[in-house]
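# Residue-level structure breakdown
Letter by letter, the chains look like this.
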Amino acid sequence: LSLRGWLNYEPVSFQDVSPAAAEESFQQSLATSQRIHSLFGLLDAKLGIAWTHLSAGRYDDARQYILELQATIRQGEHRILTAGTQTGQAALCQATGDLDKAHALYEEAVTFCKTENVSVWGARAVVGLLSVELGRCDEKRANELVEQALQFAASVSSFRVRLTEINLERTRSFSWPIPR
């Protein structure tokens, strides 16, 4: 149900594009999910809305959706949604300046993604972890995280690898160069 929203969201992640189209798609998915009583569709749409709010700098709105998702998703019941929510919570902490908490939450999300084989969110969680660690990690650790993100992405698709490469490039552009 939310596929169109996620397809609209990915360009928002990597360009100066308004998240409005993605949010509109997620809102439509939310309405459809409510109409057909699809809990997974409802939660996936809400996760997408939370991420569009993060991209738009609407942190209070993002926090509201993330807290609602955390209250609704039973740990491990929906692996993909749990991983997306954990990564979203970490990104929210990072965006609002709580870097120690963001680091811990990204680590938790990466571990969960490895254990539960949720590669699509694993790549994003590792890139988030890298962006928090850039100021404090050494070259070896940076290389390990870059490779880990690309390994997660490779287990999904070549398209996910390309998106991860773009995300890594953006991460590099906002900080010191990461050796490859």
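Here the structure is a predicted model, which means the values were calculated and not measured.

Quick notes on the rules
Within each chain, residue numbers correspond to sequence positions counted from 1 in written order. Reporting in this predicted model follows two pLDDT cut-offs: at least 70 for local features of residues, and 80 or more for side-chain atom pairs to be given and counted; totals over whole chains, interfaces and linings ignore these cut-offs and use all residues. Hydrogens and water are ignored here; the side-chain numbers use all heavy atoms of the structure. What counts as a salt bridge is simple: a side-chain nitrogen of Lys or Arg found within 4 Å of a carboxyl oxygen of Asp or Glu. Here a strand is any run of E in DSSP of at least two residues, a helix any run of H or I of at least four, and the numbering for each starts at the N terminus. Relative accessibility decides the category of a residue: with a 1.4 Å probe and only protein chains considered, values under 20% of the type maximum give buried, values over 50% give exposed, and everything between is partly exposed. Helix axes use the C-alpha atoms of the stretch in contact, all axes being lines fitted to C-alpha atoms, and the angles between their N-to-C directions lie in the range 0 to 180 degrees. Angle categories: roughly parallel below 35 degrees, roughly antiparallel above 145, roughly perpendicular from 65 to 115, and oblique for all the rest. A contact between two residues is defined here by any heavy atoms of the two lying within 4.5 Å. Residues are grouped as follows: Ala, Val, Leu, Ile, Met, Phe, Trp, Tyr, Cys and Pro are nonpolar; Asp, Glu, Lys and Arg are charged; all remaining types, including Gly, are polar.

### Focus: the pattern of salt bridges
According to the stated counting rule, one finds seven salt bridges in the structure shown. Residue arginine 63 pairs with aspartate 60 through a salt bridge whose shortest N-O separation is 3.1 Å. Here arginine 63 pairs with aspartate 60, and both are found in helix α4 (residues 59-72), just three residues apart, close to one helical turn. With relative accessibility at 60%, the residue aspartate 60 sits in the exposed group. Note that arginine 162 is salt-bridged to glutamate 165, the shortest N-O span being 3.4 Å. Taken as a pair, arginine 162 and glutamate 165 lie in helix α9 (residues 158-173) at a separation of three residues, close to a single helical turn. Using a relative accessible area of 47% as the deciding quantity, one classes arginine 162 as partly exposed. Connected through salt bridges with shared partners, the residues Glu23, Arg58 and Asp61 form a single ionic network.

### Focus: the packing of helix α7 (residues 119-133) against α9
Two numbers describe how α7 lies on α9: the axes approach to 10 Å, and their chain directions differ by 10°. Regarding the angle of α7 to α9, the classification is roughly parallel. Along the contact surface, α7 presents Val120, Ala123, Arg124, Val127, Leu130 and Ser131, while α9 presents Arg160, Thr164, Asn167, Leu168 and Thr171. Tallied by class, the residues present in the contact of α7 with α9 amount to five nonpolar, four polar and two charged.

These figures come from the coordinates and say nothing about function on their own.
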